[in-house]
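Okay, here's what each chain looks like letter by letter:
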Amino acid sequence: MDSYSVGYANIALVKYWGKKSKNPVLPYNPNLSLRLDNLYSKTKIEKSKNNENEFYINDEKQSLEELNKIMNFIQKFVPNINEKITIKSYNTVPTAAGLSSSSSGTMALVLACNEYFNLQKTTKELVQISKEGSGSSCRSFYKMASWLENGEVEEIKCDLDLSMMVLVVDENRKKISSREAMERCVTTSTNFNDWVEAAKIDFEEMKIAIKENDFSKIGEITERNALYMHSTTEYATPSFSFLTDDSYKAMELVKNLRNEGLECYFTMDAGPNVKVLYLKENHEKIYRELEKLWKKKIIQCTQ
Ligand code: ADP
Ligand code: DP6
């Protein structure tokens with residue numbers, strides 16, 4: 001029997017970028033995401049055979065730093081662990097490349113703990129636990145979700161069939177994690193407060209656009225929100241950027257397709273890879289065009 005627990009990646013259309021509080025983890029601005037069912041992590045916990053705690057991703061033993069991070073998190077919601085465990089996880093998404101492995105991985109881990117330690121938590125409780133491991137992961141429990149400043153996570157109903165694909169720029173581990181990067185922006189970016197205010201407006205407008213099935217508006221807000229988030233990295237000290245020349249080329253491709261009548265929009269997270277948002281009914285046409293123009297890998301994220 002396959003006893004793995006599965007967690008999904010999600011990509012924010014309005015980003016979480018900055019913690020107003022670290023304990024509990026609360027975002028500066030409300031944010032909203034789409035789950036990508038083809039990008040997931042699966043995780044299993046077993047009693048350790050080596051009498052030490054171990055953490056593997058894709059059969060690769062993780063560093064002591066990664067192990068400590070994960071064990072500290074587990075100990076917050078599983079008291080009195082009196083055995084050594086092995087955590088085995090597989091990511092279908094590249095790890096730490098801005099494709100949301102932290103959300104799929106954390107959701108899978110929380111579910112695996114619930115199973116292995118027989119915690120019998122409700123989904124609502126697991127959602128709240130998950131955000132303490134990685135903020136964005138709390139949104140992965142729903143197809144579309146919002147995470148509010150007070151910590152609440154709500155399912156968002158959407159009648160549109162939204163899809164995403166990734167124009168892969170680089171699958172390697174990023175040099176600076178989302179956590180460190182957002183922390184640097186919170187403490188040093190001269191436009192951080194402006195970002196928070198703009199993101200709050202984006203969130204409100206996004207909810208209306210979703211309710212009104214206004215895909216053009218959804219796309220417009222998605223792009224401007226991502227660009228604003230990335231601008232905070234430029235205004236940080238020391239300044240940095242997740243985007244590379246190829247990221248900008250990918251963004252141009254998306255804009256060109258749109259100008260030619262194939263409606264699609266871009267968003268980027270803490271990494272150089274570019275995600276393309278479109279209506280599922282246009283999948284074939286958009287994929288065919290992008291396949292011709294984008295010489296690197298494309299990952300299809302939704303069924
Ligand atoms: P990403 O852009 O992929 O979400 P982040 O920098 O936000 O990258 O997070 C990467 C971190 O997420 C990893 O260093 C690790 O701590 C955690 N992570 C990734 N995959 C898993 C997994 N399968 N199980 C548990 N944690 C994971
Ligand atoms: C750019 O949720 O990975 O993807 O809470 O510190 O684990 P931690 O950060 P994380 O950050 C996600 C940042 C983002 C935007 C988003 O997903 O909303």
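Cut-offs applied
Note on numbering: residues in each chain are counted from 1, in written sequence order. To read the labels, note that chains go from A and ligands from 1, taken in the order they are written. This being a predicted model, a pLDDT of at least 70 is required before a residue's local features are given, and a value of 80 or more before pairs of side-chain atoms are given or counted; all residues contribute to the totals for chains, interfaces and linings. For the side-chain quantities, the full set of heavy atoms in the structure was used; hydrogens and water were omitted. Throughout, the term near means that a residue has one or more heavy atoms lying within 4 Å of the molecule or strand in question. Within 3.5 Å is the distance limit for a polar contact, defined as a pair of N or O atoms, with the added protein rule that one can donate a hydrogen and the other accept it, and that residues adjacent in sequence qualify only through two side-chain atoms. Note on areas: these come from Shrake-Rupley sampling with a 1.4 Å probe, and a residue is covered only by the protein chains present in the view. Strands are runs of DSSP state E lasting at least 2 residues, helices are runs of H or I lasting at least 4, and numbering of each runs from the N terminus. Each residue gets one label: Ala, Val, Leu, Ile, Met, Phe, Trp, Tyr, Cys and Pro are nonpolar, Asp, Glu, Lys and Arg are charged, and the others, such as Gly, are polar. We call Phe, Tyr and Trp rings a pair once their centres come within 6.5 Å, taking the six-membered ring for Trp, and we label the pair stacked below 30 degrees between planes, edge-to-face above 60, and tilted otherwise. Relative accessibility under 20% of the residue-type maximum defines a buried residue, over 50% an exposed one, and the middle range a partly exposed one, all with a 1.4 Å probe and only protein chains included. Throughout, nonpolar core names a set of buried Ala, Val, Leu, Ile, Met, Phe, Trp, Tyr and Cys residues whose side chains join them through atoms within 4.5 Å. Pairs of residues are marked as contacts when any of their non-hydrogen atoms sit within 4.5 Å. Strand pairing follows a simple DSSP-based rule, namely that at least 2 bridges must link the two strands.

Trainee: Account for the site of ligand 1, with residues named and values stated.
Mentor: Taken together, 21 residues form the shell around ligand 1, and within it E66, N91, S101, K174 and S178 come nearest. Within the side chain of S102, one N or O atom sits 2.9 Å away from an oxygen atom of ligand 1. In the environment of ligand 1, an oxygen atom lies 2.8 Å from a nitrogen or oxygen atom belonging to the side chain of K174. About the coverage of ligand 1: the protein hides 92% of its 570 Å² of free accessible area. For the shell around ligand 1, the secondary-structure elements that each account for two or more residues are β5 (54–57), α1 (64–77), β7 (85–91) and α2 (101–116). When grouped by side-chain class, the residues that make up the shell around ligand 1 number six nonpolar, eleven polar and four charged.

Trainee: Now, about the packing of aromatic side chains: what can you tell me, with residues and values included?
Mentor: A complete count under the given rule lists nine aromatic pairs for this structure. A ring pair is formed by Y28 and F192, whose centres lie 5.1 Å apart and whose planes are at 75 degrees; its orientation type is edge-to-face. A residue pair is termed long-range when its members are at least 10 positions apart, and Y28 in the loop between β3 (25–27) and β4 (31–47) and F192 in helix α5 (residues 192–211) qualify at 164 residues. By relative accessible area, F192 is classed as buried at 3%.

Trainee: Tell me about the nonpolar core, and please be specific about residues and values.
Mentor: The biggest cluster of nonpolar side chains holds 43 residues, and the ones touching the most others in it are W17, I74, I87 and C113. Top element by residues in this core is α1. It accounts for six residues. Residues in contact with I74, not counting those within four places in the same chain, are I81, I85, I87, L109, C113 and F117.

Trainee: Can you explain the side chain of S163? Please cite residues and give values.
Mentor: Structurally, the position occupied by S163 is in strand β10 (residues 162–167). Apart from residues lying up to four places away in sequence, S163 is in contact with V276, L277, Y278, K280 and T302.

Trainee: Residues and numbers for the pairing of β7, please.
Mentor: A large share of β7 lies buried, amounting to five of its seven residues. Pairing geometry for β5 and β7, over four bridges, is parallel. Considered in β7, the bridge of I57 is made with S89.

Trainee: Describe the site of ligand 2, and please don't skip the residues or the numbers.
Mentor: Near ligand 2 there are 16 residues, and of these Y16, K19, S134, G135 and S136 occur at the shortest range. In this structure, G135 approaches ligand 2 through a main-chain N or O atom, which is 2.7 Å from an oxygen atom. Between an oxygen atom of ligand 2 and a side-chain N or O atom of D269, the distance comes to 3.3 Å. Burial of ligand 2 by the protein chains amounts to 94% of its free accessible area of 460 Å². Of the residues forming the shell around ligand 2, the biggest block, three residues, is contributed by helix α4 (residues 178–188).

Trainee: Before we move on, could you go through unusual backbone geometry and cite the residues and values that matter?
Mentor: Here the amide bond leading from N23 into P24 is cis, since omega sits at 5 degrees, within 30 degrees of zero. Checked against the element boundaries, P24 lands in the loop between β2 (19–22) and β3. Cis geometry marks the peptide bond from T237 to P238; its omega dihedral reads -10 degrees. Structurally, P238 is set in the loop between α6 (215–234) and α7 (245–259). Unusually for a residue other than glycine, D59 sits at a positive phi of about 65 degrees. In this fold, D59 is placed in the loop between β5 and β6 (60–61). Judged by relative accessible area, D59 falls into the exposed class, the value being 56%. Residues other than glycine seldom take positive phi values, yet Q120 does so here, at roughly 55 degrees. Relative to the helices and strands, Q120 resides in the loop between α2 and α3 (123–133). You can call Q120 exposed: its relative accessible area is 63%.

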